[in-house]
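# Geometric and topological summary
One-letter residues, chain by chain:
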Amino acid sequence: MHIRTPRRATRLAVTAAAATALVLAGTLPATAANGKHPSLRDAAPADLVIGTAAAGGGHHLAQDYEGLEPGQSPFLHDQQYRRELKHEFSSLSPENQMKWEFIHPEQGRYDFAEADAIVKFARQHKQDVRGHTLLWHSQNPAWVEEGDFTAEELRAVLKDHIQTLVGRYKGQIDQWDVANEIFDEGGNLRTSENIWIRELGPGIIADAFRWAHEADPDAKLFFNDYNVEWKGPKSNAYYALIQDLLKQDVPVDGFSVQGHLSTQYGFPGDLRENLQRFDDLGLETAITELDVRMNVPEGQQPTESQLAQQADYYQQALEACLAVDDCNSFTIWGFTDRYSWVPVFFTGEGFANVMTEDYERKPAYYALRDTLLAAAGGK
Ligand code: G3I
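Residues numbered from 1 in each chain as written. Predicted model: local features only at pLDDT ≥ 70, side-chain atom pairs only at ≥ 80, totals over all residues. Heavy atoms only, no water.

For the protein, the count of helices and strands is 15 helices and 10 strands. Among the 379 residues that make up the protein, the fraction classed as buried is 55%. Considering only contacts within the protein whose residues lie at least 6 apart along the sequence, 79% involve residues at least 24 apart. Just so you have it, the protein exposes about 15700 Å², and 48% of that area is on carbon and sulfur atoms. (Helix = DSSP H or I, 4+ residues; strand = E, 2+ residues; numbered from the N terminus. Buried < 20%, exposed > 50% of the residue type's maximum accessible area, 1.4 Å probe, protein only. Contact = heavy atoms within 4.5 Å. Areas by Shrake-Rupley, 256 points an atom, 1.4 Å probe, with all protein chains shown as cover.)

In structure tokens:
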């Protein structure tokens, strides 16, 4: 668990370009004490954790990865992956292993093994953990989605699930994505898609936060979503809802933007301003699932200019977080293209991560590291 110092206004006192100059001038450490280049976690300011998703479950189960047996998780079985995971990152998010369908596949049966392994690994390597996720419309098991429950029974099912998970990892999970993706693009609650809201009414959202807080009063409890990087109907809906919940003393601690970006769209230029308005409500903010995909037909490689644009987006996202006082957790959704969800989900798109399939560092990796060095140097 990390002890955080209050954010200083001077954190971005030098830009990333200036950091490279400072490294050359010998003012910043280009290499760590052991002679190696600093990792992302080494380069980061003390009050910012640098995270990644720990790959397993979800799309990984159906992929045929070189070196892994079918269904084996990269997190458990790829040794090079594990070395990078502990070396580069100070926070882990289970990519799928704490989602309902994975951890609670049948009524009365929880499968904690891989989630436990992630939490243990994080403790061994002094990493934070972001719990993901408790109330969501997606990746719910059939016994929940198709179950024949009364409202009262379904409510008890959700409460038991939340308190079992949050309680099991009490003191070991720093931030929980309690409610994930509850609004649609128009800023309306996903009432028909989300079984919890549909069957139990919108008040269930506040209850989910209350139940999680009861189970671990120290965990920071978040709303998390995509396409909320900018100000618009969806992020505005969170802004209104959270103010309402805070007035009712519902224990909401944070608002996080996932950050699934693409080079085919412009960078959300008001990201910093958008995070700032949530910070101004007294909340923590975080970037939780950053990746930057690009259009590259199968069998082709990205161009230099695509990689440069990708690096620029990663850097801008990090700079936005660094500029906001209580944006204290910055997580990328995987770090190697080898295990990315993107090509599985978006045909003809990919290369969204900061390392290639062979763990070579891409310009985006160096952009993040230089930006972190610049921020740490500004202390
Ligand atoms: O359930 C079907 C199964 O019936 C089918 O046979 C199989 C065939 O491939 O696919 C199964 O669905 C897969 C699902 O995981 C199962 O767990 C999807 O194809 C696969 O795309 C999905 O991937 C996960 C995705 O969440 C699901 O929404 C990814 O691994 C995971 O990286 C991704 O992560 C989400 C975050 O949790 C929330 N924010 C968005 C982010 C990206 O979608």
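The next point concerns the pairing of strand E5 (residues 220-225). Within a regular strand, side chains alternate between the sheet's two faces. Extensive coverage of E5 is indicated by the burial of five of its six residues. In this structure, strand E4 (residues 175-180) lies alongside E5, joined through five bridges in parallel fashion. Across the sheet, residue Asp-177 finds its bridge partner in E5, namely Phe-222. The pairing of E5 with strand E6 (residues 254-257) spans four bridges and is parallel. Its bridge partner lying in E6, Phe-223 is registered against Phe-255. Taken together, E5, helix H11 (residues 233-247) and E6 constitute a β-α-β crossover, and its handedness is right-handed. (Pairing = 2+ DSSP bridges. Right-handed = clockwise from strand over helix to strand, strands pointing away.)

Around the ligand sit 19 residues in total, of which His-59, Glu-95, Lys-99, Glu-101 and Glu-289 are the nearest. Glu-95 is positioned such that a nitrogen or oxygen atom in its side chain is 2.4 Å from an oxygen atom of the ligand. Within the contact set of the ligand, a nitrogen atom lies 2.6 Å away from a side-chain nitrogen or oxygen of Glu-289. Burial of the ligand by the surrounding chains reaches 63%, relative to a free accessible area of 810 Å². Here the shell around the ligand is composed, by residue class, of five nonpolar, nine polar and five charged. (Near = heavy atom within 4 Å. Polar contact = N/O pair within 3.5 Å; in protein donor to acceptor, adjacent residues only side chain to side chain. Nonpolar A, V, L, I, M, F, W, Y, C, P; charged D, E, K, R; others polar.)

For the rest of this paragraph, the subject is the environment of Glu-114. Inspection of the secondary structure assignment puts Glu-114 in helix H6 (residues 113-124). For Glu-114 and Gly-56, which are 58 residues apart along the polypeptide, the C-alpha to C-alpha distance reads 8.5 Å. When sequence neighbours within four positions are dropped, the list of residues in contact with Glu-114 reads Ala-55, Gly-56, Ser-73, Phe-75, Leu-76, Gln-97 and Phe-102. At a separation of 2.8 Å, a polar atom in the side chain of Glu-114 contacts the side chain of Ser-73.

Turning our attention to the confidence of the model for the protein. For the protein, the mean per-residue pLDDT works out to 92, and 90% of the residues sit at or above 70. In this model residues 1-33 is a low-confidence stretch, pLDDT under 50, and it forms 67 contacts with partners more than four residues away in sequence or in other chains. (pLDDT = per-residue confidence, 0-100.)

With that out of the way, let us pick up the nonpolar core. Across soluble globular proteins, you tend to see nonpolar side chains buried next to one another. Ranked by size, the top nonpolar core spans 98 residues in total, and within it Trp-176, Ile-182, Trp-196, Phe-223 and Phe-330 carry the most contacts. In terms of nonpolar packing, the next biggest core, distinct from the first, is built from five residues, Trp-333, Trp-341, Val-342 and Ala-352 among them. (Core = buried A, V, L, I, M, F, W, Y, C linked by side-chain atoms within 4.5 Å.)

The next thing to look at is helix H10 (residues 203-215). Compared with the 18 Å implied by 1.5 Å per residue over 13 residues, the 19 Å span of H10 between its first and last C-alpha is a close match. Those residues of H10 not exposed but buried are Ile-204, Ile-205, Ala-206, Asp-207, Ala-208, Phe-209, Trp-211, Ala-212 and Ala-215. Looking at the buried side of H10, the elements it contacts are strand E3 (128-135), helix H8 (151-168), E4, helix H9 (195-200), E5 and H11. (Expected span 1.5 Å × (residues − 1).)

Counted under the stated rule, the structure contains 16 salt bridges. The closest approach of N and O atoms between Asp-358 and Arg-338, which form a salt bridge, is 3.9 Å. With Asp-358 in the loop between strand E10 (349-350) and helix H15 (363-377) and Arg-338 in the loop between strand E9 (327-332) and helix H14 (342-345), this residue pair connects regions lying 20 residues apart in the sequence. Taken together, the shared-partner salt bridges in this structure form one network comprising Glu-84, Glu-88 and Arg-361. (Salt bridge = Lys/Arg side-chain N within 4 Å of Asp/Glu carboxyl O.)

Turning our attention to the packing of aromatic side chains. Taken as a whole, this structure holds 21 aromatic pairs when the rule is applied. Taking the centre distance of 5.4 Å and the plane angle of 85° together, the rings of Tyr-239 and Phe-278 count as edge-to-face. In this pair, Tyr-239 sits in helix H11 while Phe-278 sits in helix H12 (residues 271-279), placing the two residues 39 residues apart along the sequence. Taking the relative accessible area as the measure of exposure, Phe-278 reaches 0% and is therefore buried. On the basis of an interplanar angle of 90° and a centroid distance of 5.3 Å, the ring pair of Tyr-365 and Tyr-366 is categorised as edge-to-face. Residue classification places Tyr-365 among the buried positions, given a relative accessible area of 1%. With relative accessibility at 37%, the residue Tyr-366 sits in the partly exposed group. (Phe/Tyr/Trp six-rings, centres within 6.5 Å; stacked < 30°, edge-to-face > 60°.)

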